[in-house]
Amino acid sequence: MAPRDKTQNRKLLRQCLMSSTRPLTDSNFSCGYVAVVGRPNVGKSTLINTLLGQKVSIVTPKPQTTRHRILGVDTQENYQAIYVDTPGIHRKAGKAMNRLMNRTAANAFVDADLIFFVTDASHWTDEDQDILERLEDVCVPVISLMNKIDKVHPKSQLLEALSVMAERWAFTEVIPICARRKDNIEPLQRIVLAHLPLSEPLFPSSMITDRSQDFFVSEVIREKLMLAFRQEVPYGLTVQIERFEEDEHGVVVHAISWVEKDSQKGIVVGKGGGQLKRTGRSARLELKERFGCPVHLELWVKVKDNWPDSEKDLLQLGFDMP
């Protein structure tokens, strides 16, 4: 644990910088960015979906589900909070995709007015510690959100975990939550408002995310594929939309699921194409509910050798290049 005087100095420095950089405005409206960071699979996307009241990021139990920087925009009467969903930061980033995801997550610190550092309340890992060390250089408030408190038993252990977390760093607050069950979510909105700078809104009030419809479609398909398979297959999958059209009859989608090995293609397609049909049907049903109209989905599987380790392929497949 850092010495108390150093911890307090960091906290005072952040407060001074925040007060000196608030934009001048005649409005009482607040607006700013909230970066949601943490190691893989701690519930960052679930938290943002819960805060927004609708799905903008896909969710699976598997690490590496979120691969892109996704904005979720929450506009209320007196503030606009722009939540930045980030990939989980990996300690081992052997492939180009993992390194890219780490850079994407780290860049979220730069423009943030507030940071939510999300951890799993049931255990602390070396990856959590790595991210905590990255926070040493930030000059904005950091809220520790200890998620998945429903997994902590007995509850006396939660009190101890909260105390230990408060000693790890000069967090503005340490809050236990369960994003999936919406436990302790309402107080977060009040905390966000207290820390956003005075500013006019940056996005239209009707906007929920910066991502397009076809991006969302590709992510829903990838989510269903990830849920259907185990071991290395989900991490060698990505989805590319070739055609996305809306008309008075409904939505037409043509999509390619890229895998990195021939052996993976056979697994994804399944015997007689049965697995691919089941996955496509699951995606189509969710998209039908989302768009409120019939959805015609055609899904193919193709091989692109070792695409996760090629920056050229990643760029062609729509990955952000920070």
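About the thresholds
- Residues numbered from 1 in each chain as written.
- Predicted model: local features only at pLDDT ≥ 70, side-chain atom pairs only at ≥ 80, totals over all residues.
- Heavy atoms only, no water.
- Core = buried A, V, L, I, M, F, W, Y, C linked by side-chain atoms within 4.5 Å.
- Buried < 20%, exposed > 50% of the residue type's maximum accessible area, 1.4 Å probe, protein only.
- Helix = DSSP H or I, 4+ residues; strand = E, 2+ residues; numbered from the N terminus.
- Arc of directions from axis to C-beta.
- Contact = heavy atoms within 4.5 Å.
- Polar contact = N/O pair within 3.5 Å; in protein donor to acceptor, adjacent residues only side chain to side chain.
- Pairing = 2+ DSSP bridges.
- Axes fitted to C-alpha atoms, helices over the stretch in contact; angles between N-to-C directions.

Draft legend 1. Broad picture of the nonpolar core. Counting 33 residues, the largest nonpolar core has Ile115, Phe117, Leu135 and Val142 as its most contacted members. Elements with a contribution of two residues or more to this core: strand 1 (30-37), strand 2 (70-75), strand 3 (79-85), strand 4 (114-120), helix 4 (126-134), strand 5 (142-147) and helix 5 (156-168). Ranked by the residues each element gives to this core, the list is headed by helix 5, at four residues. The next biggest cluster of nonpolar side chains, apart from the first, holds 24 residues, and it includes Val36, Val42, Leu52 and Ile175.

Draft legend 2. How the structure looks around helix 4. Within helix 4 the residues assigned to the buried category are Asp128, Ile131 and Leu132. Taken around the axis of helix 4, the buried residues stretch over an arc of 105°, which confines them to a single face. Of the surrounding elements, those touching the buried residues of helix 4 are strand 1, strand 4 and helix 5. N-cap assignment for helix 4: the residue whose side-chain oxygen lies 3.3 Å from the backbone N of Glu127 is Thr125.

Draft legend 3. View of the sheet that holds strand 8 (residues 250-259). In space, the three strands of this open sheet follow the order 7-8-9, with mixed pairing throughout. Single-partner strands in this sheet number two, and they are strand 7 (238-247) and strand 9 (295-303). In this sheet, adjacent strand axes meet at a mean angle of 10° when their direction is disregarded. Here strand 7 pairs with strand 8 via nine bridges, running antiparallel. Bridging across to strand 8, Ile241 finds its partner in Ala255. Seen against the sheet, helix 8 (residues 262-269) touches strand 8 and strand 9 and runs at an angle of roughly 155° to strand 9. Each of strand 7, strand 8 and strand 9 is contacted by helix 9 (residues 274-291), which is oriented at about 140° to strand 9, the strand it contacts most.

Draft legend 4. How the structure looks around the sheet that holds strand 1. Taken together, six strands build an open sheet; the order of strands is 2-3-1-4-5-6 and the sheet is mixed. With one partner strand each, in any of the chains shown, strand 2 and strand 6 (173-176) form the two edges of the open sheet. Strand-to-strand twist of the sheet, defined as the mean angle between neighbouring strand axes without regard to direction, takes the value 25°. The pairing of strand 4 with strand 5 spans six bridges and is parallel. Paired with Val118 across the bridge in strand 5 is Leu145.

Draft legend 5. Spotlight on the environment of Glu248. With respect to the helices and strands, the residue Glu248 is situated in the loop between strand 7 and strand 8. Remark: the alpha-carbon pair of Glu248 and Pro294, spanning 46 residues in sequence, is separated by 10.0 Å. Looking at Glu248, its side chain comes within polar contact range of the side chain of His249, at 3.5 Å.

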